[in-house]
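Structure at a glance
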Amino acid sequence: MKAVKVKDELQDGPCTYLAGNSLGLMAKRSQTLVNEEMLTWATRGVEGHFDHPFGREWVTIADKTHPIFADLVGAKESEVACMGTLTANLHLLLNTFYKPTKDRFKILCEIKAFPSDQYAFASQVTAHGYSPSESIIEMAPREGEFTIREEDILDTIRKEGQSIALVLFSGVQYYTGQFFPIERITQAAQAQGCVCGWDLAHAVGNVPLSLHDWNVDFAVWCTYKYLNSGPGGIGGLFIHSKWDGQPIRHAGWWGHDQATRFAMPHQFKAIPGAQGFQQSNPSVLAVVSLLGSLEVFRDAGGMQPLRERSLKLTGYLEASLKQSPYWVPPEQAAQHSEIGFSIITPSDPSARGSQLSLVFLPLGGSVMPAVQEGLGHRGVIGDSRKPDVIRLAPSALYNNWDEIDLAVRNLDEVLSEVKESRI
Ligand SMILES: *Cc1c(COP(=O)(O)O)cnc(C)c1O
């Protein structure tokens, strides 16, 4: 038998983890629940679907997440479903809500949206016979600015709304960390007759949401970022109850009325609301890994107290970074020719979540990789995006003030080293 060698890096060591926006840390509870499911599978086999030693019959396992999902996104339980993955769910709901006509076929989104979203939009418009260059309007920041002004978004919707079928932004932008005013954009879009959907990958578990009251048409999210469900975790979606009863175009047996699902009827009878969109029986391991973390969110009191803590942590990170001798105001970033960094995330706390995006200077990708490496050596884990950005996101659930002090101190040291090495 070969001995399995555990690499040094796999040992638990002290580190400052500020990448919860990319992959959240594991809740101990998730590990417990996953272990319990393995045990149940090993000892009960198929019976686990209906007879479960821990009271989590697999046949209704996803339902355990729905009340907590509903609280986190501000929805009725019947408006959310735990299913699939983000991009697949996005296509599913685009197939449902993106119904282009000759006069109204455009999609309005932010520029440099997460690539998966860009690919989804382009393939959708193409499938309907339109060209992406004519059909996709990408809102950009003004010259010399890093984030998009609300007034510019609302203006575009007012001017071009009659040709727009769908407005779909991310709730919190993955690169800049900008938190868009979801309610006001939704309202403006609907006033022009557009459908308004949201990609909440970086918003769910990060900022408070009221999707039902904001009258959002639909939304999709993944759960492995702030919601800590684990790599590749199961996704979620929201469909406003005003859409209840519309035909389901991609029906599967898991969306069928639970009372008769196992009678294997010929005719599909949808569960009312978002859960009628479920297609397949979900991965139980993925669901309970998520559930363990969702229970932590629930026990912490939901998004209100977490947002309060997040505002303080993020504000403290920002204030500490601005004390750094290397900090440069964002309006000077483009001209700055020495080693330094700027923060491109909005400084208005209501226009951001937990993430601050640091852009390393001079621009052009020559500094950031060295900084990321230097931080890594010191156990500070941020999340880099080429060419110039490192994102630092203190998670309200598990980061603290000491870690922020440590991260900022280490950043200064690393920048000094980089500067030295280039003189
Ligand atoms: C993380 C993220 C994704 C990832 O998509 P998956 O289908 O979960 O792989 C998509 N869109 C946005 C905006 C994201 O932030």
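An unreviewed UniProt entry annotates the protein chain as Kynureninase originating from Antrodiella citrinella. The annotation that UniProt attaches to the protein chain under Subcellular location (unreviewed entry) is "Cytoplasm". We quote the UniProt Subunit (unreviewed entry) comment for the protein chain here in full: "Homodimer."

We now examine the overall build of the protein chain. In terms of helices and strands, the protein chain carries twelve helices and 13 strands. Rg of the C-alpha trace for the protein chain: 23 Å, near the compact-globule value of 22 Å for 423 residues, within the 12% margin. Here the C-alpha coordinates of the protein chain stretch approximately 75 × 65 × 40 Å along the principal axes. The burial tally for the protein chain puts 53% of its 423 residues in the buried class. Across the protein chain, every contact between residues at least 6 apart in sequence was considered, and the portion connecting residues at least 24 apart equals 69%. Just so you have it, the protein chain exposes about 19300 Å², and 53% of that area is on carbon and sulfur atoms. Across the protein chain, 37 positive and 47 negative side-chain charges occur, with their mean positions spaced 2 Å apart.

Before going further, it helps to examine the nonpolar core. In this structure, Val167, Trp198, Leu200, Leu209, Leu211 and Trp221 are the most contacted members of the largest nonpolar core, which totals 56 residues. It is helix 8 (residues 284-299) that provides the largest number of residues to this core, a total of eight residues. For this core, the domains that each give at least three residues are domain 1 (8-18 + 302-421) and domain 2 (30-299). Excluding residues that lie within four positions of it along the chain, Leu211 makes contacts with Val73, Gly74, Leu200, Val216, Ala219, Phe238 and His240. Residues Ala81, Leu93, Ile107 and Phe218 belong to the second largest nonpolar core, which totals 28 residues.

Tallied over the entire structure, the rule returns 19 salt bridges. The salt bridge partner of Arg378 is Glu413, with a shortest N-O separation of 3.3 Å. Within this pair, whereas Arg378 is found in the loop between helix 11 (368-377) and strand 11 (380-381), its partner Glu413 is found in helix 12 (residues 401-421), the two being separated by 35 residues in sequence. Accessibility expressed as a relative area gives 27% for Arg378, which makes it partly exposed. By relative accessible area, Glu413 is classed as partly exposed at 39%. Look at the salt bridges and you will find they share partners, linking Glu36, Glu37 and Arg56 into a network.

What follows is about empty space enclosed by the protein. Remark: the empty space left among the atoms is shown by a probe the size of a water molecule rolled over them. According to the stated counting rule, one finds three cavities of 30 Å³ or more in the structure shown. Looking at the largest cavity, its volume works out to about 80 Å³. What lines the largest cavity is simply Gly205, Asn206, Tyr226, Phe297, Met303, Leu306, Ser310, Ser354, Ser395, Ala396 and Leu397. Considering each element in turn, the lining of the largest cavity owes the most residues, three residues, to helix 9 (residues 303-323).

A separate point is helix 6 (residues 150-160). Considered for burial, the residues of helix 6 that qualify are Asp152, Ile153, Leu154, Thr156 and Ile157. Looking at the buried side of helix 6, the elements it contacts are strand 3 (106-110), strand 4 (136-139), strand 5 (164-170) and helix 7 (182-191).

Our next topic: the pairing of strand 3. Across the five residues that make up strand 3, a large majority, five, are buried. With burial as the criterion, each face of strand 3 is covered, one bearing Lys106, Leu108 and Glu110 and the other bearing Ile107 and Cys109. By the bridge criterion, three bridges tie strand 3 to strand 5 in an arrangement that is parallel. Residue Leu108 lies in a different strand from strand 5, and its bridge partner there is Val167. Direction of pairing for strand 3 relative to strand 4: parallel, over a ladder of four bridges. Across the sheet, the residue bridging to Cys109 is Glu138, located in strand 4.

Rules behind the numbers
- Residues numbered from 1 in each chain as written.
- Predicted model: local features only at pLDDT ≥ 70, side-chain atom pairs only at ≥ 80, totals over all residues.
- Heavy atoms only, no water.
- UniProt positions renumbered as here; feature names shortened; annotations may be inferred.
- Helix = DSSP H or I, 4+ residues; strand = E, 2+ residues; numbered from the N terminus.
- Rg over C-alpha atoms; globule rule 2.2 N^0.38 Å.
- Buried < 20%, exposed > 50% of the residue type's maximum accessible area, 1.4 Å probe, protein only.
- Contact = heavy atoms within 4.5 Å.
- Areas by Shrake-Rupley, 256 points an atom, 1.4 Å probe, with all protein chains shown as cover.
- Lys, Arg positive; Asp, Glu negative; His and termini not counted.
- Charge placed at Lys NZ, Arg CZ, Asp CG, Glu CD.
- Core = buried A, V, L, I, M, F, W, Y, C linked by side-chain atoms within 4.5 Å.
- Domains from an automatic or database assignment.
- Salt bridge = Lys/Arg side-chain N within 4 Å of Asp/Glu carboxyl O.
- 1 Å grid on protein atoms, 1.4 Å probe; cavity = no way out; pocket = protein on both sides within 12 Å on 5 of 7 lines; lining within 4 Å.
- Points joined across faces, edges and corners; volume = space filled by probe spheres on them.
- Pairing = 2+ DSSP bridges.

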